[in-house]
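A closer look at the structure
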Amino acid sequence: MKKLVILGAGTAGTMVANRLVRMLNMDQWHITLVDQDPVHYYQPGFLFAPFGIYTQKDLFKPKVCFIPPLVKLIQATIEAVDPDQNKVHLGNGMTLSYDFLIIATGTDIHPEETPGLGEHEWGKSIHTFYSFQGALALTQRLRNWEGGRLVVNVVDNPIKCPVAPLEFIMLADWYFHEHGMRDKVELIYATPLDGAFTKPVASRLIGEMLSDKGIQVESEFMIEHVEPDAKKIISYDEREIDYDLLVSIPLNKGADVIGKAGLGDELNYVPVDKHTLLSNKYPNIFALGDAAAIPTSKAGSVAHYAIDLFGDNFVRYTEGYELLPTFDGHANCFIESGFGKGVLLDFNYEQEPLPGLFPMPGVGPFSLLKESEMNHWGKLMFRWMYWNILLKGQELPLTPTMSMMGKWKV
Amino acid sequence: MATRTICGVTVQVNDEGFMTNPAEWNKDIAVELAKEEGIAELTPNHWKVIDFCRQSAATSGAAPTIRTITSGSGISTKELFSLFPKGPAKKVAKISGLGKPEGCV
């Protein structure tokens, strides 16, 4: 029997387990999935909760519902990975040995890395929506907030779902309009980037949308510390921004255990070949989803497209063939822009987001890089697709690599 | 692809003025590009950062992030911002003849 161990039963780990259990000959393979948390969170929903679009019960289900019967799920912490011995040591005292290891331990927020951030004002005047508890606390806060200056600050990149902070501030604009208090609220987006977004065409479009909504952008703002009592954030180049309510996207890092095993970069993400997702150091270790250090978005759509291609590639590889350099960094992002509208981005390693129609060239129904109501419905529909199709590793009628069909140059 | 001449050398640049071939770079070019970025003189600490970034890019193929620079060169983030004010990763990449650091989408 060959042994495959998957670390992490989040979006990527669950999808790949479902995919491989169908593709591998399970008379010859043992697949073990390890995760410390019995709950699967619908993370894209964390953005919506503070505005009352989703409630708590929309955001989670038990993990066990999504794990196929032939995969063994172990609920335990991961204490250590020993890649030279092909072993994983768990917090419950078990040691797993493997022939192949897939690291899907994701990324998480670290407010403690920024002085003043995760201290006595955390959960009071400083919030985040990047965790389940955080999103619920922020829901309460917004419900009773009387207005003032709301600052959304991204501490550093990369972050999970890089468009979510932009969506948050645009939804906030809509939410305060709906509650008849937009005139009492000042909205500021403080980002370390030199504009609203990284890629020029999308940055320009989103920048215009923010300015139309009266949202100020403070660019190249690299936060050094927070003064929680004075309620201000201070950058390395000594710019100060006062706030009444700070919504922070704290530093994102991969799992510590990955760093300690010598498998991570300075943020604990695993350096891999960006087209095959094979570790640069070990020929039997792969990293999927947010855990991988690849220059594309940390997002469920990326994990989905990567795993679409990874399944076949992994089977080939275990049969002694070479991996094919198939993954192109393909990502989709639905950006909620408020007032029942959304924008869709489709891009990869080489090609920045462009306008067009998606997924059927010339037809749509979704429009790329342009606000539409259909894009908003696509984003809401996505929750059903996530639980019922994506997590179960089913195919979607979308090509895993990006297509230039239906896009136009600007 | 556009070209421009700096210190008598013709180099390839992209539309944001980043050199696209690190092999065309030399120290005189760095001094000139630094002046364009508002840095009148390159001190030994500037060079420490530039040298580190050149080495880092030679192995990884991409201009390093702020975090990579500070953990690898021993220069603190605060000092990095005073050496290369406003967006040090981008500024030092430009002066070091490296491409624009890959943003995170």
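Once a new chain begins, its residue numbering starts again from 1 and follows that chain's sequence as written. As a convention, the first chain written is A and the first ligand written is 1, with the rest following in written order. Where totals are concerned, whole chains, interfaces and linings use all residues; where local detail is concerned, this predicted model gives features only for residues with pLDDT of at least 70, and gives and counts side-chain atom pairs only at 80 or more. With hydrogens and water excluded, all non-hydrogen atoms of the structure serve as input to the side-chain values.

**Observations regarding the packing of helix H2 (residues 44-60) of chain B against helix H3 (residues 66-73) of chain B**
Helix-helix packing: each pair is described by the crossing angle between the helix axes and the interaxial distance. Residues and elements named next belong to chain B. In the contact formed by H2 and H3, the axes pass within 10 Å of each other and the chain directions differ by 110°. Taken as axis vectors, H2 and H3 run roughly perpendicular relative to one another. When the axes of H2 and H3 are compared, the crossing they make is right-handed. Along the contact surface, H2 presents Lys 48, Val 49, Phe 52, Cys 53 and Ser 56, while H3 presents Thr 68, Ile 69, Gly 72 and Ser 73. Lines fitted to the C-alpha atoms define the axes, with helices restricted to the stretch that makes contact. Angles between their N-to-C directions range from 0 to 180 degrees. A run of H or I in DSSP counts as a helix once it spans at least four residues, and a run of E counts as a strand once it spans at least two, with each numbered from the N terminus. Angles below 35 degrees are treated as roughly parallel, those above 145 as roughly antiparallel, those between 65 and 115 as roughly perpendicular, and all remaining angles as oblique. For any helix crossing, the convention is left-handed if the near helix is rotated counterclockwise from the far helix by under a right angle, and right-handed if that rotation is clockwise. Whether two residues are in contact is decided by their heavy atoms: any pair within 4.5 Å suffices.

**Let's talk about the domain arrangement of chain A**
Residue and element names in this part refer to chain A. Residue ranges for the domains originate in an automatic or database domain assignment. Parsing chain A into structural domains produces domain 1 (2-108 + 253-318), domain 2 (110-251) and domain 3 (331-390). At the junction of the two partners, domain 1 supplies 24 residues and domain 3 supplies 15 residues. A 1.4 Å probe defines the accessible area here, and the buried area is the portion of it lost by two parts on being joined, summed over both. Across the domain 1/domain 3 interface, buried area totals approximately 1700 Å², and carbon plus sulfur atoms make up 65% of it. The rule for a salt bridge is simple: a side-chain nitrogen of Lys or Arg has to be within 4 Å of a carboxyl oxygen of Asp or Glu. For the interface between domain 1 and domain 3, the tally reads one salt bridge. Polar contacts, as used here, are pairs of N or O atoms within 3.5 Å; protein pairs need one atom able to donate a hydrogen and one able to accept it. Residues neighboring in sequence count only if both atoms are side-chain atoms. Inspection of the domain 1/domain 3 interface yields six residue pairs in polar contact (both at pLDDT 80 or more).

**Digging into unusual backbone geometry**
Residues and elements named next belong to chain A. Looking along the chain, the bond that leaves Phe 358 and enters Pro 359 is cis, with omega of -5°. Relative to the assigned elements, Pro 359 resides in strand E25 (residues 356-360). That bond from Gly 364 to Pro 365 is cis: its omega, 15°, falls within 30 degrees of zero. Turning to its location among the elements, Pro 365 is positioned in strand E26 (residues 364-368). Not every positive phi belongs to a glycine, and Phe 339 is a case in point at roughly 55°.

**Quick word on the pattern of salt bridges**
All names here are of chain A. The tally for this structure, following the rule as stated, stands at 23 salt bridges over all chains. A salt bridge links Asp 346 to Lys 407; the nearest nitrogen and oxygen atoms lie 2.6 Å apart. Here the residue Asp 346 occupies a position in strand E24 (residues 341-347), and Lys 407 occupies one in the segment after helix H7 (373-390), the gap between them amounting to 61 residues. Neither Asp 346 nor Lys 407 differs from the other in exposure class; each is buried. Partly exposed residues are those whose accessible area sits between 20% and 50% of the maximum for their type, while under 20% is buried and over 50% is exposed, using a 1.4 Å probe and protein chains only.

**Observations regarding the environment of A:Ile233**
Residues and elements named next belong to chain A. With respect to the helices and strands, the residue Ile 233 is situated in strand E16 (residues 232-235). On the basis of relative accessibility, which here comes to 0%, the residue Ile 233 falls in the buried class. Setting aside anything within four residues of it in sequence, one finds Ile 233 in contact with Val 151, Asn 153, Ala 190, Phe 221, Ile 223, His 225, Val 226, Arg 239, Glu 240, Ile 241, Tyr 243 and Leu 246.

**Focus: the interface of chain B and chain A**
On the side of chain A, 23 residues touch chain B, which itself brings 16 residues to the contact. Summing both sides of the interface, chain B and chain A together bury roughly 1700 Å²; the carbon and sulfur share of this comes to 57%. Joining chain B to chain A, the criterion identifies seven salt bridges. With its nearest N and O atoms 3.0 Å apart, the salt bridge here joins A:Asp194 to B:Lys90. The interface formed by chain B and chain A holds five residue pairs in polar contact (both at pLDDT 80 or more) in total. For the side of chain B that touches chain A, the elements supplying multiple residues, two or more each, are H3 and helix H4 (77-83) of chain B. The element contributing the most residues to the side of chain B that touches chain A is H3(B), with four residues. Just so you know the grouping, Ala, Val, Leu, Ile, Met, Phe, Trp, Tyr, Cys and Pro go in nonpolar, Asp, Glu, Lys and Arg go in charged, and all remaining residues, Gly too, go in polar. Of the residues that constitute the side of chain B that touches chain A, the class distribution is four nonpolar, six polar and six charged.

**Comments concerning the nonpolar core**
Of all hydrophobic cores here, the largest spans 130 residues; its most connected members are A:Ile103, A:Phe129, A:Leu150, A:Phe168, A:Phe176 and A:Leu345. Counting 33 residues, the second-largest nonpolar core is a separate cluster that includes B:Trp47, B:Phe52, B:Ala63 and B:Ala89. Among buried residues, the Ala, Val, Leu, Ile, Met, Phe, Trp, Tyr and Cys ones that are joined through side-chain atoms within 4.5 Å form a nonpolar core.

**Quick notes on the packing of helix H2 (residues 132-144) of chain A against helix H3 (residues 164-178) of chain A**
Residues and elements named next belong to chain A. Where H2 contacts H3, the two axes come as close as 12 Å, and the packing angle between them is 35°. Both H2 and H3 take part in a crossing whose hand is right-handed. The segment H2 lies against H3, with Leu 138, Leu 142 and Arg 143 engaging Phe 168, Tyr 175 and Phe 176. Each residue belonging to the contact of H2 with H3 can be placed in one class, and the counts come to five nonpolar, no polar and one charged.

**Some thoughts on the sheet that holds strand E11 (residues 126-127) of chain A**
Residue and element names in this part refer to chain A. Taken together, the five strands give an open sheet; going across it, the order is E11-E18-E12-E13-E14, and neighbouring strands pair in parallel fashion. The open sheet has two edge strands with one neighbour each: E11 and strand E14 (215-218). Across two bridges, the pairing between E11 and strand E18 (residues 245-249) is parallel. If you follow Ile 126 over to E18, its bridge partner there is Leu 246. Its contacts with the sheet place H3 against strand E12 (148-154), strand E13 (185-190), E14 and E18, and it is angled at close to 175° to E13. At least two DSSP bridges between two strands are required for those strands to pair.

**A few points about the sheet that holds strand E17 (residues 240-242) of chain A**
Residue and element names in this part refer to chain A. A sheet is described by the order of its strands in space; here three strands give the open sequence E15-E16-E17, paired in antiparallel fashion. Strands at the two margins of the open sheet, each flanked by one partner only, are strand E15 (223-227) and E17. Mean inter-strand twist for the sheet, computed between neighbouring axes without regard to direction, equals 20°. In the sheet, E15 pairs with E16 via four bridges, with the strands oriented antiparallel. The residue bridging Val 226 from the neighbouring strand is Ile 233, located in E16.

**Looking at the side chain of A:Thr128**
Residue and element names in this part refer to chain A. Structurally, Thr 128 can be placed in the loop between E11 and H2. A polar atom in the side chain of Thr 128 sits 3.2 Å from the backbone nitrogen of Tyr 130. Polar side-chain contacts of Thr 128 include one of 2.8 Å to the backbone oxygen of Ser 248. Non-local contacts of Thr 128, meaning those with residues more than four positions away in its chain, are made with Ile 109, Trp 122, Gly 134, Ala 135, Leu 138, Ser 248 and Pro 250.

**Observations regarding the side chain of A:Lys298**
Residue and element names in this part refer to chain A. Looking at the secondary structure, you find Lys 298 in the loop between strand E22 (292-293) and helix H6 (300-318). Despite its burial, Lys 298 remains without a salt bridge, the nearest opposite charge being carried by Asp 290 at 5.8 Å. Polar contacts involving the side chain of Lys 298 include one to the main-chain carbonyl oxygen of Asp 290, which spans 2.8 Å. A distance of 3.0 Å separates a polar atom in the side chain of Lys 298 from the backbone oxygen of Ala 292. Charge assignment: positive for Lys and Arg, negative for Asp and Glu; neither His nor the chain ends contribute.

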